[in-house]
Amino acid sequence: MADKKTLEEWIALYEKKTGVKFNAEPRCRLIWFPDRGFAEFAAAHDMIIIHQLCGDAKFWKQVGEVLAIEHDLRHLGTWCIREIEPYIKFFNAEIERVEDLADGLKRYHCRFKDTGKAATCSPRFRLKNGNIGYMVTWEI
């Protein structure tokens, strides 16, 4: 577990690590634990969306899955603004297929090693620093 921090300290860490100013998303519910960080959650279509988060990402993925199950939803989605391939590996998924898209972009079709469930990482936007932001969706 991480050191305990105030919400303001977690937000400062988020801004430092991402280079993105934190703006609370009004359509989301923010949940915060001093030793786990924070995450914003919302329901959209048939999934729970994890919006901005900082801290223990694996913990927040589990929270999102519990929220989805509680609301009888079968998918989760989140944004990834970091390098996508290490992100995929971090969450114990393997790349099954890479789909080439326009402008040299790639969509990653993956599967979680522990559950066998599918995940997709699709490019959605480009950050000011040139990095690609991905929408990551998966079955639970």
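As the structure is a prediction and not an experimental result, all values here were calculated from the model.

**Observations concerning the nonpolar core**
Okay, step 1: Core analysis: the biggest nonpolar cluster contains 28 residues, and Phe-41, Ile-84, Cys-121, Tyr-134 and Val-136 have the highest contact counts within it.
Okay, step 2: Those elements that place two or more of their residues in this core are β2 (37–44), β3 (47–55), α2 (57–70), β4 (75–80), α3 (84–90), β6 (106–112), β7 (118–126) and β8 (132–139).
Okay, step 3: Here the element with the most residues in this core is α2; it accounts for six residues.
Okay, step 4: Among the nonpolar cores identified, the runner-up in size contains six residues, and Tyr-14, Phe-22, Phe-38 and Cys-54 belong to it.

**Looking at the side chain of Glu-40**
Okay, step 1: Within the secondary structure, Glu-40 sits in strand β2.
Okay, step 2: Nearest to the buried, unbridged Glu-40 among oppositely charged side chains is Arg-27, at 9.1 Å.
Okay, step 3: There is a polar contact of 2.7 Å between the side chain of Glu-40 and the side chain of Gln-52.
Okay, step 4: Non-local contacts of Glu-40, meaning those with residues more than four positions away in its chain, are made with Phe-22, Asn-23, Ala-24, Glu-25, Cys-28, Arg-29, Leu-30, Ile-49, Ile-50, His-51 and Gln-52.

**Some remarks on the packing of aromatic side chains**
Okay, step 1: Going through the model one piece at a time under the given rule, you end up with twelve aromatic pairs.
Okay, step 2: Residues Tyr-14 and Phe-22 carry aromatic rings whose centres are separated by 6.0 Å and whose planes lie at 90° to one another, so their mutual orientation is edge-to-face.
Okay, step 3: According to the relative accessible area criterion, Tyr-14 is buried, its value standing at 7%.
Okay, step 4: A relative accessible area of 11% places Phe-22 in the buried class.
Okay, step 5: By the ring-pair criterion, three or more aromatic residues cluster together here, those being Phe-33, Phe-41, Phe-59 and Trp-60.
Okay, step 6: If you follow Arg-36 out to its NZ or CZ, it ends over the ring of Phe-59, 4.4 Å from the centre.

**Re the sheet that holds β2**
Okay, step 1: Strand order across the open sheet formed by eight strands is β1-β2-β3-β4-β8-β7-β6-β5, with mixed pairing between neighbours. What marks the edges here is a single partner per strand, and that holds for β1 (29–33) and β5 (93–100). Across the sheet, the axes of successive neighbouring strands diverge by a mean angle of 25°, strand direction being ignored.
Okay, step 2: In this sheet, β3 lies alongside β2 in antiparallel orientation, the contact comprising seven bridges. Bridge pairing links Ala-43 to Ile-48 in β3.
Okay, step 3: Sheet strands in contact with α2 are β1, β2, β3, β4, β6 and β8, and its direction is about 155° off that of β3.

**Focus on the pairing of β8**
Okay, step 1: With six of eight residues buried, β8 is to be regarded as a mostly interior element.
Okay, step 2: Examined bridge by bridge, β4 and β8 share six bridges and lie antiparallel to one another. Opposite His-75, over in β8, you have Glu-139 as the bridge partner.
Okay, step 3: Pairing geometry for β7 and β8, over seven bridges, is antiparallel. Paired with Thr-120 across the bridge in β8 is Thr-137.
Okay, step 4: In this antiparallel pair of consecutive strands, β7 and β8, the connection spans five residues, and Gly-130 shows a positive phi of 95°.

What counts, and at which threshold
Residues numbered from 1 in each chain as written. Predicted model: local features only at pLDDT ≥ 70, side-chain atom pairs only at ≥ 80, totals over all residues. Heavy atoms only, no water. Core = buried A, V, L, I, M, F, W, Y, C linked by side-chain atoms within 4.5 Å. Buried < 20%, exposed > 50% of the residue type's maximum accessible area, 1.4 Å probe, protein only. Helix = DSSP H or I, 4+ residues; strand = E, 2+ residues; numbered from the N terminus. Lys, Arg positive; Asp, Glu negative; His and termini not counted. Salt bridge = Lys/Arg side-chain N within 4 Å of Asp/Glu carboxyl O. Polar contact = N/O pair within 3.5 Å; in protein donor to acceptor, adjacent residues only side chain to side chain. Contact = heavy atoms within 4.5 Å. Phe/Tyr/Trp six-rings, centres within 6.5 Å; stacked < 30°, edge-to-face > 60°. Lys NZ or Arg CZ within 6 Å of the ring centre and 35° of its normal. Pairing = 2+ DSSP bridges. Axes fitted to C-alpha atoms, helices over the stretch in contact; angles between N-to-C directions.

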